[in-house]
Amino acid sequence: MGAPTGRPVAARAVSGLLLAAASTAFALWGCANDAICGGGEYPVLNVGSTGSACVSDGHEPPRGYTRYPEGKVPRHVDDRWDVYWRSHTVDSGGKIVKAPKG
């Protein structure tokens, strides 16, 4: 038989289960919180600036906002398109331009 480890087998099993549960909860919480918009919403871009908002599915963007160009929609905080749109915007004609400084 092997040498005792200092903790009963049941205590080690419970510790392992608690650690696994905590890791799973943290992963799920983190994923849910880094989405650009919540469920049932989509992101829109402020025309002429880097501002953004979320709009309920089935509704049009409010005045002064537009949908992101197809294929360039940010989905999660710090994803490729979220970072890109921090320094770019669209003008009133829908053309992608460098965002004004300030």
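Residues numbered from 1 in each chain as written. Predicted model: local features only at pLDDT ≥ 70, side-chain atom pairs only at ≥ 80, totals over all residues. Heavy atoms only, no water.

*Asks:* Would you mind going over the nonpolar core with me for this structure?
*Replies:* Across soluble globular proteins, nonpolar side chains show a tendency to be buried alongside one another. If you look at the biggest cluster of nonpolar residues, it comprises six residues: Leu45, Tyr68, Val73, Trp81, Trp85 and Val90. Among residues more than four places away in sequence, those in contact with Trp81 are Gly71, Lys72, Val73 and Pro74. (Core = buried A, V, L, I, M, F, W, Y, C linked by side-chain atoms within 4.5 Å. Buried < 20%, exposed > 50% of the residue type's maximum accessible area, 1.4 Å probe, protein only. Contact = heavy atoms within 4.5 Å.)

*Asks:* Can you help me understand the pairing of strand β2 (residues 52-56) in this one?
*Replies:* On a regular strand, one side chain projects to one face of the sheet and the next to the other, so that they alternate. Here strand β1 (residues 41-46) runs beside β2; their pairing, made up of five bridges, is antiparallel. Along β2, the bridge assignment pairs Val44 with Ala53. Connecting the antiparallel pair β1 and β2 is a turn made up of five residues, with Gly48 showing a positive phi of about 85°. (Pairing = 2+ DSSP bridges. Helix = DSSP H or I, 4+ residues; strand = E, 2+ residues; numbered from the N terminus.)

*Asks:* Please clarify how the state of the cysteines should be interpreted in this entry.
*Replies:* Two cysteines form a disulfide when their sulfur atoms are joined by a covalent bond. Counted according to the given criterion, the structure contains one disulfide. Here Cys37 is linked by a disulfide to Cys54, with a sulfur-sulfur distance of 2.0 Å. Here Cys37 and Cys54 share a disulfide; its torsion about the S-S bond, -90°, makes the bridge left-handed. Highlighted residues: Cys37 in the loop between α1 (9-33) and β1 and Cys54 in strand β2, separated in sequence by 17 residues. A relative accessible area of 33% places Cys54 in the partly exposed class. (Disulfide = S-S within 2.5 Å.)

*Asks:* Just to check I follow, could you spell out the sheet that holds β2 for this structure?
*Replies:* In sheet architecture, strand pairing relies on hydrogen bonds along the backbone and comes in two forms, parallel and antiparallel. Spatially, β2-β1-β3 is the arrangement adopted by the three strands of the open sheet, whose pairing is antiparallel. Strands with a single pairing partner mark the edges of an open sheet, and in this sheet they are β2 and β3 (65-67). Averaged over all adjacent pairs, the angle separating strand axes in this sheet is 45°, with direction ignored. Two strands pair when backbone bridges link them, and β1 and β3 are joined in this way by three bridges, in the antiparallel orientation. In the sheet register, Asn46 faces β3, and the bridge partner there is Tyr65. (Axes fitted to C-alpha atoms, helices over the stretch in contact; angles between N-to-C directions.)

*Asks:* Quick question: what am I supposed to make of the environment of Leu45 here?
*Replies:* Along the chain, the position of Leu45 falls in strand β1. Distance in space between the C-alpha atoms of Leu45 and Pro69 is 9.5 Å, their sequence separation being 24 residues. Once residues within four sequence positions are removed from consideration, Leu45 is found in contact with Thr50, Gly51, Ser52, Gly64, Tyr65, Thr66, Tyr68, Trp85, Thr89 and Val90.

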